[in-house]
Amino acid sequence: MTLRADTTAGVRRFSRTERWVHRTTAALMGICLLTAACLYVPQLAQLVGRRALVVTLHQWAGLALPLPVLAGLASRAFRADLRHLNRFGPHDRTWLRAALHRDRRPASRPAAKFNAGQKLYAAWIAGATLVMLATGLMMWFTHLTPLVWRTSATFVHDWLALTLGVVLAGHIGMALADPEARRGMRTGEVSREWADRQHPLWRL
């Protein structure tokens, strides 16, 4: 089997639904992080003001964060990509070894539609989102849990938010370094040459 190519742009990588899920999730995550910064950084808090509004935006954006993914499950293409992300094979272990040894040769990093780094990132971000949602609900609905739970939830929520910010900054940095990958998320299509070089095991 060969890569399915568009006559003008190359290989179809993401469907319209998948791109919508990514953009909507990114927007909600961005709101969560920006409002969190405004709540915890004194200089930003003074600059923005309106703390009650910032808190409300933060709460509702966090509550809505899983919704784009849940809506995306109606898409066959989205479900297929989730299956790809959830499967780890021998080539993924090879990719990770090369990444740990800083071996940047394309031949040393075999990948199917998603490489091992993307799979780990997707799993981590999904787990972190669920933990943030659970701890956020404990902090929001204070009457539902004991004080010690809420204190622990606050600690986990705050430090995980900081970690999320760092990881997302790395994700954005890697995207900025790869214009073709950005094109794939923006238009849904990538060049055949890029697909063959970066994802040689990807077959549709």
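See the structure printed just above.
This structure is a prediction, so every number in the text was calculated from the model and none was measured.

What counts, and where the lines are drawn
- Residues numbered from 1 in each chain as written.
- Predicted model: local features only at pLDDT ≥ 70, side-chain atom pairs only at ≥ 80, totals over all residues.
- Heavy atoms only, no water.
- Helix = DSSP H or I, 4+ residues; strand = E, 2+ residues; numbered from the N terminus.
- Contact = heavy atoms within 4.5 Å.
- Areas by Shrake-Rupley, 256 points an atom, 1.4 Å probe, with all protein chains shown as cover.
- Lys, Arg positive; Asp, Glu negative; His and termini not counted.
- Charge placed at Lys NZ, Arg CZ, Asp CG, Glu CD.
- Axes fitted to C-alpha atoms, helices over the stretch in contact; angles between N-to-C directions.
- Left-handed = near helix turned anticlockwise from the far one by under 90°.
- Nonpolar A, V, L, I, M, F, W, Y, C, P; charged D, E, K, R; others polar.
- Parallel < 35°, antiparallel > 145°, perpendicular 65-115°, else oblique.
- Buried < 20%, exposed > 50% of the residue type's maximum accessible area, 1.4 Å probe, protein only.
- Salt bridge = Lys/Arg side-chain N within 4 Å of Asp/Glu carboxyl O.
- Core = buried A, V, L, I, M, F, W, Y, C linked by side-chain atoms within 4.5 Å.

(A) Region of interest: the overall build of the chain. The number of helices and strands found in the chain is ten helices and three strands. Considered along the principal axes of its C-alpha atoms, the chain spans approximately 55 × 35 × 30 Å. Across the chain, contacts joining residues at least 24 apart in sequence account for 68% of those joining residues at least 6 apart. Carbon and sulfur atoms provide 67% of the accessible area of the chain, an area that totals close to 12800 Å². Of the side chains in the chain, 27 bear a positive and 11 a negative charge, and the two mean positions are spaced by 5 Å.

(B) Examining the packing of helix α1 (residues 16-40) against helix α3 (residues 51-64) more closely. One can describe the packing of α1 onto α3 by two numbers: an axis separation of 9 Å at closest approach and a directional angle of 145 degrees. The crossing of α1 and α3 is left-handed. Of the residues in α3, those touching α1 at L28, I31, C32, T35, A36, C38 and L39 are R51, V54, V55, L57, H58, A61, G62 and A64. When grouped by side-chain class, the residues that make up the contact of α1 with α3 number eleven nonpolar, three polar and one charged.

(C) Geometry of the packing of helix α6 (residues 90-100) against helix α7 (residues 116-140). Contact pair α6 / α7: the axes reach a minimum separation of 8 Å and the direction vectors enclose 95 degrees. Considered as vectors, α6 and α7 are oriented roughly perpendicular to each other. The segment α6 lies against α7, with H91, D92, W95 and L96 engaging A116, G117, K119 and L120. Among the residues forming the contact of α6 with α7, the class breakdown is four nonpolar, two polar and two charged.

(D) Quick peek at the environment of A61. Along the polypeptide, A61 turns up in helix α3. Among the residues examined, A61 registers a relative accessible area of 6% and is labelled buried. In sequence terms A61 and M29 are 32 residues apart; their C-alpha atoms lie 7.5 Å from each other. Residues contacting A61, with those up to four places away along its chain left out, are L28, I31 and C32.

(E) Region of the structure containing the pattern of salt bridges. All told, the structure shown has six salt bridges when counted by the stated rule. Here D81 makes a salt bridge to K113, at a shortest N to O gap of 2.9 Å. In this pair, D81 is assigned in helix α5 (residues 76-85) and K113 in the loop between α6 and α7, connecting sequence segments 32 residues apart.

(F) Quick look at the nonpolar core. Judged by nonpolar contacts, the single largest core of 13 residues is most densely connected at L28, M132 and L164. Residue assignment for this core shows that the elements contributing at least two residues are α1, α3, α7 and α8 (147-176). Looking at which element gives the most residues to this core, the answer is α8, with four residues. Contacts of M132, omitting those with residues within four sequence positions, involve H157, L160, A161 and L164. With five residues, the next largest nonpolar core counts V190, W194, A195 and W202 among its residues.

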